[in-house]
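Structural characterization, general
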Amino acid sequence: MSGKILAIAIVATALIFGAAVYYFQVFYYYETVSDDAGEVFLTPRDGGAPQHIVYNDFEGIDASSSPIRFRGCFHTPETLQSLDSRFERYTAAQPRNAPFWFGCFDAEAIGLLIETGEAHVYAAQRNVEYGIDRVIAVASDGRGWIWEEINDCGDKAYDGTPLGEDCPARD
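Residues numbered from 1 in each chain as written. Predicted model: local features only at pLDDT ≥ 70, side-chain atom pairs only at ≥ 80, totals over all residues. Heavy atoms only, no water.

Quick look at the side chain of Arg 134 now. Here Arg 134 lies in strand β7 (residues 132–139). A polar atom in the side chain of Arg 134 sits 2.5 Å from the side chain of Glu 148. Here Arg 134 is in contact with Glu 39, Phe 70, Tyr 122, Ala 123, Ala 124, Gln 125, Val 128, Ile 146, Trp 147 and Glu 148, once residues within four sequence places are set aside. (Helix = DSSP H or I, 4+ residues; strand = E, 2+ residues; numbered from the N terminus. Polar contact = N/O pair within 3.5 Å; in protein donor to acceptor, adjacent residues only side chain to side chain. Contact = heavy atoms within 4.5 Å.)

Take a look at the structure:
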């Protein structure tokens, strides 16, 4: 009889622990980012300071538990041609999944828009945190998405590879 009780206690503990881990990963650490935080900006082609673009309907989330958990969605009246002529494009960006409850950010759909050329990706800010770049994708219909990418220096820093001369000094 005591073996059954012990087995039930182990299973119950594992289920409670699993539910807690799931809750913390998917809900607990995220906070809403208000649109007055001015999160929608792009880096000019000349490499100057990031500049804000016109946008509305901003929704954003962020979490302090990871440097790549920032996600945002917005609309802009800017055209891709206008943005292309003024701002730096970002290559090899892949949107990261957002929590299921943040409905405006569908990483798979955004990735398909980028792949087909219906959306262009721009550098918002390089090294927003060491090794992390903030990027923005804008679709031809004016929808936009923001997320953070690990750049080459971040890949090297996090896997222990020597950084090399092209990486900035780490603060």
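Following the structure, the description resumes.
On to the side chain of Glu 149. Mapped onto the fold, Glu 149 is located in strand β8 (residues 143–150). A distance of 2.7 Å separates the side chain of Glu 149 from the side chain of Trp 147, its partner in a polar contact. Setting aside chain neighbours within four positions, we find Glu 149 in contact with Tyr 90, Ala 92, Ala 93, Gln 94, Pro 95, Arg 96, Gly 131, Ile 132, Asp 133 and Val 135.

Along helix α3 (residues 107–116), the residues that are buried comprise Ala 107, Ile 110 and Leu 113. Around the axis of α3, the buried residues are gathered within 125° of arc, so they sit on the same side. Opposite the packed face of α3, turned more than 90 degrees from it, sit the exposed residues Glu 108, Leu 112 and Glu 115. Those residues of α3 hidden inside the fold are in contact with β6 (119–129), β7 and β8. (Buried < 20%, exposed > 50% of the residue type's maximum accessible area, 1.4 Å probe, protein only. Arc of directions from axis to C-beta.)

A sheet is described by the order of its strands in space; here six strands give the open sequence β1-β4-β5-β8-β7-β6, paired in antiparallel fashion. A strand with exactly one partner marks an edge of an open sheet, and here the two such strands are β1 (30–33) and β6. Adjacent strand axes in the sheet meet at a mean angle of 20°, parallel and antiparallel pairs treated alike. Two strands pair when backbone bridges link them, and β7 and β8 are joined in this way by seven bridges, in the antiparallel orientation. Its bridge partner lying in β8, Val 138 is registered against Gly 144. Those strands touched by α3 are β6, β7 and β8, and its axis lies near 95° from that of β8. (Pairing = 2+ DSSP bridges. Axes fitted to C-alpha atoms, helices over the stretch in contact; angles between N-to-C directions.)

Everything listed here is a matter of coordinates, which is why it stays silent on function.
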